[in-house]
Amino acid sequence: MLCASLALLAVHRAPAAPRSRGGARSAVVSPTTPAPLPLVERFWSKAAYLSHHSEVLGDALAFAAEAHDGQRRRSGEAFIVHPIEVAIILAGWRMDADAIVAGLLHDTVEDTDVTVEQIEGRFGAAAASIVAGVTDGAAVPASQSQRELLLA
């Protein structure tokens, strides 16, 4: 539970500045679009059955929040709300940690400078494969994407 609490705080603290594709960090800034606290609490409640994976889930939650910081939907809602809601649905279905991580990260490849390779390096091949499979314009044939999603 301590890891879950720390990850909850990580989403609401000033994150480290995003890395550019070259890897250099810019100045640290305060989050402009933090995840709503009740939504994050609902995520942790739904994912409680994965308490032994709370560190990686917290890392993915913080990573997604940092990657999407400053982004808003046309409605004005913080962009991070959608990935967290996807993860809540997946947790409701009692999916494994890789699927939940992929749910949190699924829009980072499309909408930020994050690459599938970065996701694989940080979160593993299974989560990266799922993200690649659901990413629009992925260089993976649809049949292979569907097969990988079913086997994940």
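Structure report, in brief. (Residues numbered from 1 in each chain as written. Predicted model: local features only at pLDDT ≥ 70, side-chain atom pairs only at ≥ 80, totals over all residues. Heavy atoms only, no water.)

On to the side chain of Asp107, then. Structurally, Asp107 can be placed in the loop between α5 (97–105) and α6 (108–111). With a relative accessible area of 8%, Asp107 lands in the buried category. At 3.4 Å, the side chain of Asp107 and the side chain of His106 are in polar contact. Other than its neighbours up to four places away in sequence, Asp107 contacts His68, Arg73, Phe79, His82 and Thr112. (Helix = DSSP H or I, 4+ residues; strand = E, 2+ residues; numbered from the N terminus. Buried < 20%, exposed > 50% of the residue type's maximum accessible area, 1.4 Å probe, protein only. Polar contact = N/O pair within 3.5 Å; in protein donor to acceptor, adjacent residues only side chain to side chain. Contact = heavy atoms within 4.5 Å.)

Let us look at a nonpolar patch on the surface. Together, Ile89, Trp93 and Met95 line one region of the surface with nonpolar side chains, adding up to about 340 Å² of accessible area. Mapped onto the secondary structure, Met95 falls in the loop between α4 (81–92) and α5. Given the relative accessible area of 32%, Met95 is considered partly exposed. (Patch = residues over 30% accessible without salt bridge, like charges linked within 9 Å, V, L, I, M, F, W, Y side chains within 5 Å. Areas by Shrake-Rupley, 256 points an atom, 1.4 Å probe, with all protein chains shown as cover. Salt bridge = Lys/Arg side-chain N within 4 Å of Asp/Glu carboxyl O.)

Let us now look at unusual backbone geometry. With phi around 60°, Arg94 is a residue other than glycine that occupies positive phi space. Taking the relative accessible area as the measure of exposure, Arg94 reaches 58% and is therefore exposed.

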